[in-house]
Amino acid sequence: MSQLSRIPQLPRIPLLPDPLRRIRVPRDLDAVTDRGSEVDPRDVGMDPRSIDRIWNTAVDLYRSGVHPAIQLCVRREGQVVLNRSIGHSDGNGPGDGPSTPRTAATTQTPFGICSASKAITAVVAHLLAERGVIDLDIPVGEYIPDFARHGKESITIAHLLSHRAGIPLHPAAAMDLDHLDDRAAVIGAMCETRPVFRPGRQLAYHAVTGGIVIGEVVERVTGDNIRTVLAREILDPLGFRWTNYGVDPADDASVGKNYVTGLPTLPPLSLILGRILGTSVEHTVRLTNDRRFLTSVVPSGNVVTTAEELSRFFELLRRGGELDGVRVLNPGTVARAIAPTAELEVDCSLGVPLRYSRGFMLGERRFSLWGPDTANLFGHLGLSNVLGWADPDRAVSVGLITSGKPVLYPEMFTFLAIPARIATETPKTVR
């Protein structure tokens, strides 16, 4: 058990609401644990005890009570060495009573990955650039003429991918559940927005806007929406079941539920998050469970997948665009997609130091979301404790999905301990 995980859980106060909005953690954790197929880690240069320590860190996070379900899948040199889930996909949220019917989560339960969807969208953009269908470095206005208004004339797709377009704030119409499928209304609202920063200058995370615009460009140049393009060009050739924007209406009941957990956010943090998300965290989480959201196309945030498939998608990128004998991207395209666009700097939206490529959050030599000594790692974060990444130095690709959406909770460093544990337990390989 990791040292960070030994923080004692704060007791619940009888007869009063739990201020940390936690689940009821079952006594028998084995009864709510599911294991998928795994190879012997020794076959790919890892110690079985390392796998145990990695999984124990995830279990420690589950014990915190802020995640109704956790999925974790780790590939090493393409082989699955860890593929497990723990918890419930429905029925054991903070507001659910003891008699609420519960559905156990499995390794095959799909979940929404929120902003980690941006990595998938970036790959579609780079694929079309490889084909010569779009140019990442020319103004978006070349594809969407009405977008070139109000100081947005110089914004490129590359700016959107690297969060330097200067339009981090999205209009209300962009996430109106009743009009998510109204392309004209959504892109029309985006065309009327004005940059907060000079395009190309400041790093400022675009929670929603970048994906909307990229999705519209894809549809205008291909004649198909980005969901269809992703399926046709990548998912179907590789046999993915999920990992697309939303789900078929027949599948929406299969998607694991997200829950608001952790301490309530208060000013000034609630104001910062409100500007980034366009609404409160609580409302955002409710939105992600809504059938209208789950069956629409939201390129910035509604990809639905499993940890195993998320890991497999990043394995495709770690291998330079080829997987199981099927090539969908050229190695040079992947190299350009993960190349840093700048050195570490403070993101004006999130207020933390980050390093981006054209579509991915990058690791760092000293400190990053994925721990130290991860300079060549690339991945993406999703609200609020979802991660997908590949680490070429260690030949690993990982999917980590949680269904709790806490912002603050005592064991938040246990979440960060999972990728750090994977990095420290996995020996580097010769590339």
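You'll find the structure just up there.
Values in this document were obtained by computation on a predicted structure and should not be read as measured data.

> Please clarify how the overall build of the protein chain should be interpreted in this entry.
What the protein chain contains, in helices and strands, is 12 helices and 15 strands. Here the C-alpha radius of gyration of the protein chain, 21 Å, is about what a compact globule of 431 residues would show, namely 22 Å. Expressed along its principal axes, the backbone C-alpha trace of the protein chain runs to roughly 60 × 55 × 45 Å. Split into buried and exposed, the 431 residues of the protein chain put 56% on the buried side. Taking contacts inside the protein chain between residues at least 6 apart in sequence as the whole, the part at least 24 apart equals 68%. A total of about 17,400 Å² of accessible surface is found on the protein chain, and carbon and sulfur atoms cover 53% of it. Charged side chains of the protein chain number 47 positive and 48 negative; the gap between the two group centres comes to 5 Å.

> Even after reading the chapter, I still don't get the state of the cysteines, so can you show me in this structure?
Here, the word disulfide means a covalent bond between the sulfur atoms of two cysteines. Under the criterion given, the structure shown has zero disulfides. Counting only cysteine sulfurs, Cys 73 is the nearest neighbor of Cys 114, a cysteine outside any disulfide, at a range of 19 Å.

> Is there a simple way to explain the pairing of strand S2 (residues 69–76) in this structure?
The two faces of a sheet get side chains in turn, since along a regular strand they alternate between them. Summarising burial for S2: eight of the eight residues are buried, a large majority. Across the two faces of S2 the burial is the same, with Ala 69, Gln 71, Cys 73 and Arg 75 and Ile 70, Leu 72, Val 74 and Arg 76 all buried. Summarising the sheet, S2 and strand S15 (residues 396–402) pair through seven bridges and their orientation is antiparallel. Counterpart to Ile 70 in the pairing with S15 is Thr 402.

> Would you mind showing me how to read the pattern of salt bridges here?
Pairing between side chains of opposite charge can happen when their charged atoms approach one another. Taken as a whole and assessed by the stated rule, the structure comprises 30 salt bridges. Two residues, Asp 47 and Arg 49, come together in a salt bridge whose shortest N-O distance is 2.7 Å. Overall, Asp 47 belongs to the partly exposed group, its relative accessible area being 25%. Note that Arg 394 and Asp 373 form a salt bridge whose closest N and O atoms lie 3.4 Å from each other. With Arg 394 in the loop between strand S14 (386–391) and S15 and Asp 373 in the loop between strand S12 (361–362) and strand S13 (378–382), this residue pair connects regions lying 21 residues apart in the sequence. When its relative accessible area of 4% is taken as the criterion, Arg 394 is described as buried. Shared partners join several salt bridges into a network, and the residues in it are Arg 131, Asp 224, Arg 232 and Glu 233.

> Would you mind showing me how to read the packing of helix H2 (residues 117–130) against helix H6 (residues 226–238) here?
Pairs of packed helices are described in terms of their axes, by the angle between the two and the distance that separates them. Look at H2 against H6: their axes get within 11 Å of each other, and the N-to-C directions meet at 70°. Comparing their axes, H6 and H2 come out roughly perpendicular. Judged by residue contacts, Ile 120, Thr 121, Val 123, Val 124, Leu 127 and Leu 128 of H2 engage Ile 226, Val 229, Leu 230, Glu 233 and Ile 234 from H6. For the contact of H2 with H6, the residue count by class is nine nonpolar, one polar and one charged.

> Looking at this structure, how should I read the packing of helix H1 (residues 48–63) against helix H12 (residues 412–425)?
Where H1 contacts H12, the two axes come as close as 9 Å, and the packing angle between them is 175°. Judged by the angle between their axes, H1 and H12 are roughly antiparallel. Residues Ser 50, Arg 53, Ile 54, Thr 57, Ala 58, Asp 60 and Leu 61 of H1 touch H12, and the partners they reach there are Thr 414, Phe 415, Ala 417, Ile 418, Arg 421, Ile 422 and Glu 425. Within the contact of H1 with H12, the residues separate by chemical class into seven nonpolar, three polar and four charged.

> It is not clear to me how the pairing of S15 should be interpreted in this structure. Could you clarify?
Where burial is concerned, most of S15 is hidden: seven out of the seven residues are buried. The two faces of S15 match: Val 396, Val 398, Leu 400 and Thr 402 on one face and Ser 397, Gly 399 and Ile 401 on the other face are all buried. Counting the residues between successive antiparallel strands, the hairpin from S14 to S15 contains four residues, one of them, Ala 395, with a positive phi of roughly 55°.

> How should I be thinking about the environment of Arg 366 in this particular structure?
Residue placement: Arg 366 occurs in the loop between S12 and S13. Contact partners of Arg 366, with chain neighbours within four places excluded, come to Pro 372 and Asp 373.

> Even after reading the chapter, I still don't get helix H4 (residues 183–191), so can you show me in this structure?
Residues separated by three or four positions in an α-helix point in the same direction, a consequence of the helix having 3.6 residues per turn. All of the buried residues in H4 are Val 186, Ile 187, Ala 189, Met 190 and Cys 191. Elements in contact with the buried residues of H4: helix H5 (209–222).

> Got a minute to help me understand the nonpolar core in this structure?
As a rule of thumb, soluble globular proteins bury nonpolar side chains together. In this structure, Leu 72, Val 140, Ile 144, Ile 157, Ile 234, Leu 317 and Phe 360 are the most contacted members of the largest nonpolar core, which totals 107 residues. Sort the elements by how many residues they give to this core and H2 lands first, with eight residues. In contact with Phe 360, not counting residues within four places along its chain, are Ala 119, Val 123, Phe 314, Leu 317, Ala 337, Ile 338, Arg 355, Phe 378, Gly 379 and His 380.

> What exactly am I supposed to notice about the packing of aromatic side chains here?
Within a pair of aromatic rings, the relevant descriptors are the distance that separates the centres and the angle that separates the planes. One pass over the full model with this rule turns up five aromatic pairs. Their ring planes at 70° and their centres at 6.3 Å tell us that Phe 240 and Phe 313 sit as a pair that is edge-to-face. One end of the pair, Phe 240, is in the loop between H6 and strand S6 (244–245); the other, Phe 313, is in helix H10 (residues 307–318), with 73 residues separating them in the sequence. The pair formed by Phe 240 and Phe 313 is uniform in burial state, with each residue classed as buried. On the basis of an interplanar angle of 75° and a centroid distance of 5.5 Å, the ring pair of Phe 360 and Phe 378 is categorised as edge-to-face. Of the two residues, Phe 360 is situated in the loop between strand S11 (353–354) and S12 and Phe 378 in strand S13; the sequence distance between them amounts to 18 residues. By relative accessible area, which is 0% here, Phe 360 ends up buried. Members of the aromatic cluster, connected to one another through ring pairs, are Phe 314, Phe 360 and Phe 378. Over the ring of Trp 242 we find Arg 241; its NZ or CZ atom is 3.8 Å from the centre of that ring.

The rules behind each value
- Residues numbered from 1 in each chain as written.
- Predicted model: local features only at pLDDT ≥ 70, side-chain atom pairs only at ≥ 80, totals over all residues.
- Heavy atoms only, no water.
- Helix = DSSP H or I, 4+ residues; strand = E, 2+ residues; numbered from the N terminus.
- Rg over C-alpha atoms; globule rule 2.2 N^0.38 Å.
- Buried < 20%, exposed > 50% of the residue type's maximum accessible area, 1.4 Å probe, protein only.
- Contact = heavy atoms within 4.5 Å.
- Areas by Shrake-Rupley, 256 points an atom, 1.4 Å probe, with all protein chains shown as cover.
- Lys, Arg positive; Asp, Glu negative; His and termini not counted.
- Charge placed at Lys NZ, Arg CZ, Asp CG, Glu CD.
- Disulfide = S-S within 2.5 Å.
- Pairing = 2+ DSSP bridges.
- Salt bridge = Lys/Arg side-chain N within 4 Å of Asp/Glu carboxyl O.
- Axes fitted to C-alpha atoms, helices over the stretch in contact; angles between N-to-C directions.
- Parallel < 35°, antiparallel > 145°, perpendicular 65-115°, else oblique.
- Nonpolar A, V, L, I, M, F, W, Y, C, P; charged D, E, K, R; others polar.
- Core = buried A, V, L, I, M, F, W, Y, C linked by side-chain atoms within 4.5 Å.
- Phe/Tyr/Trp six-rings, centres within 6.5 Å; stacked < 30°, edge-to-face > 60°.
- Lys NZ or Arg CZ within 6 Å of the ring centre and 35° of its normal.

In short, geometric facts, not functional conclusions.
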